[in-house]
Amino acid sequence: MIKHIPNFITLLNLFCGCIATVFAVMNNLEFAAVFVALGILFDFFDGLAARLLNVKSEIGVQLDSLADMVTSGLVPGIVMFQLLNMAQKEGWNLDLFGMHTSVEVLPLFGFLITLASAYRLANFNVDENQVSSFLGLPTPANTLLILSLPLILFYHNNTVLNDIILNQWFLMGITLLSAYLLNSKIELFALKFDTWAFSENAVKYLFLIGSLVLLVTLRFLAIPLIILFYVLTSLLSKKV
């Protein structure tokens with residue numbers, strides 16, 4: 001039974017991703033973000049449980065990627081679809097109980113994020129070198145970046161920010177940047193701790209402290225800045 005605990009946690013990630021998908025399709029992006037966050041939390045703990053219990057398995061690796069494909073692949077694609085759709089209609093169009101009968105072509109561009117996520121996850125599974133670090137932006141981090149956009153719209157409600165986020169060219173640029181970062185050759189550190197010693201994990205601790213400060217001061221606006229901080233910290237740490 002012990003060996004199945006990490007897989008059960010992974011399935012909880014998938015379950016949260018399924019619920020997030022439903023909310024994203026209904027354009028209830030706030031609740032979609034809540035369940036994505038829960039799914040990413042389970043995604044963190046399944047790996048931690050596997051290491052603590054020493055029950056890593058090939059099926060666990062594959063199951064993890066399949067769960068991530070929904071939570072951190074399909075959902076952000078749907079969210080970008082909805083944002084592009086909103087950008088064309090110049091406003092928030094909350095549809096809780098039904099789907100539109102017509103579909104614009106441009107919003108489908110948002111699913112490039114889903115395709116890029118699928119390629120990254122498949123590539124990650126066959127790459128044995130991405131253990132202590134990642135090549136390209138991990139799908140959960142990319143998902144947080146995409147999901148932060150509707151949260152900034154909803155909670156910050158700043159006219160300038162709203163105009164930027166609901167600009168179709170901005171959203172298309174973010175989609176392209178997202179697809180690139182997911183499959184880039186940029187080496188990024190992994191938030192995994194073999195020991196808790198500060199000297200061996202100084203970069204990780206500084207990143208976590210800096211991220212916490214940004215979240216407290218800027219709330220959801222901090223998320224894109226944290227992703228940028230993550231990339232820059234990884235690049236600078238390699239040069240030191």
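Provided above is the structure to which this section pertains.
Given the structure is predicted, the values throughout are model-derived calculations rather than measurements.

The rules behind these values
Each chain has its residues counted from 1, following the order in which its sequence is written. Confidence filtering applies because this is a predicted model: local features only for residues at pLDDT of at least 70, side-chain atom pairs given and counted only at 80 or more, and all residues used for totals across whole chains, interfaces and linings. Side-chain measures were taken over the full set of non-hydrogen atoms in the model, leaving aside hydrogen atoms and water. The helix count covers DSSP runs of H or I at least four residues long, the strand count covers runs of E at least two residues long, and both are numbered beginning at the N terminus. Exposure is judged per residue with a 1.4 Å probe applied to protein chains only, and the accessible area is read against the type maximum: over 50% gives exposed, under 20% gives buried, and values in between give partly exposed. By the convention used here, residues are in contact when the closest approach between their heavy atoms is within 4.5 Å. All accessibility values rest on the Shrake-Rupley procedure with a 1.4 Å probe; residue burial counts only the protein chains present in the view. Residues enter patches when their relative accessible area tops 30% and they take part in no salt bridge; the joining distance is 9 Å for like charges and 5 Å for the nonpolar side chains Val, Leu, Ile, Met, Phe, Trp and Tyr. When a carboxyl oxygen of Asp or Glu is within 4 Å of a side-chain nitrogen of Lys or Arg, the pair counts as a salt bridge. For every element, the axis is a line fit to its C-alpha atoms; helices are fit only across the contacting stretch, and the angle between N-to-C directions ranges from 0 to 180 degrees. By definition in this entry, angles of less than 35 degrees are roughly parallel, angles greater than 145 are roughly antiparallel, angles of 65 to 115 are roughly perpendicular, and the rest are oblique. Helix crossings get a hand from a simple test, with the near helix turned counterclockwise from the far one by less than a right angle marking a left-handed crossing and a clockwise turn marking a right-handed one. For this classification, the nonpolar set comprises Ala, Val, Leu, Ile, Met, Phe, Trp, Tyr, Cys and Pro, the charged set comprises Asp, Glu, Lys and Arg, and every other residue, Gly included, is treated as polar. When the centres of two rings from Phe, Tyr and Trp lie within 6.5 Å, Trp using its six-membered ring, the rings pair. Their planes under 30 degrees apart give stacked, over 60 give edge-to-face, and anything left gives tilted. Residues grouped as a nonpolar core are buried Ala, Val, Leu, Ile, Met, Phe, Trp, Tyr and Cys residues, joined through side-chain atoms within 4.5 Å.

A few points about the overall build of the protein chain
When you go through the protein chain residue by residue, the secondary structure sums to 9 helices and 2 strands. Listed by position from the N terminus, the elements making up the protein chain come as α-α-α-α-β-α-α-α-β-α-α. A total of 240 residues make up the protein chain; the buried ones form 44% of that total. Intrachain contacts of the protein chain at a sequence separation of at least 6 include 74% that bridge at least 24 residues. Total accessible area on the protein chain is roughly 13,100 Å²; 71% of this is exposed by carbon and sulfur atoms.

Some details on a nonpolar patch on the surface
Nonpolar side chains collect at one region of the surface, where Val34, Leu38, Leu41, Phe44 and Phe45 lie side by side and expose about 430 Å² of accessible area between them. Residue placement: phenylalanine 45 occurs in helix 2 (residues 29–53).

A few points about the packing of helix 2 against helix 3 (residues 58–89)
It is the contact of helix 2 with helix 3, at a shortest axis distance of 11 Å, that shows an interaxial angle of 160°. Viewed along their axes, helix 2 and helix 3 adopt a mutual orientation that is roughly antiparallel. Here the hand of the crossing between helix 2 and helix 3 comes out left-handed. Each of Leu29, Val36, Gly39, Ile40, Asp43 and Asp46 in helix 2 lies in contact with helix 3, whose residues at this interface are Asp64, Asp68, Thr71, Ser72, Val75, Val79, Gln82 and Leu83. Its residues assigned to classes, the contact of helix 2 with helix 3 shows 6 nonpolar, 4 polar and 4 charged.

Section: the packing of aromatic side chains
The tally for this structure, following the rule as stated, stands at 11 aromatic pairs. Ring centres of phenylalanine 23 and phenylalanine 35 lie 5.8 Å apart, and the angle between their planes is 20°; this geometry places the pair in the stacked category. Note that phenylalanine 23 is positioned in helix 1 (residues 5–25) and phenylalanine 35 in helix 2, a separation of 12 residues in sequence. Among the aromatic residues, those joined into a cluster by ring pairs are Phe189, Phe207, Phe229 and Tyr230.

With respect to the nonpolar core
Counting 30 residues, the largest nonpolar core has Val79, Met80, Leu83, Leu149 and Leu171 as its most contacted members. Sorting the residues of this core by element identifies helix 1, helix 2, helix 3, helix 5 (139–155) and helix 7 (168–182) as the ones contributing at least two each. It is helix 3 that provides the largest number of residues to this core, a total of 8 residues. One finds Ala141, Ile186, Phe189 and Ala190 within the second-largest nonpolar core, a separate group that totals 15 residues.

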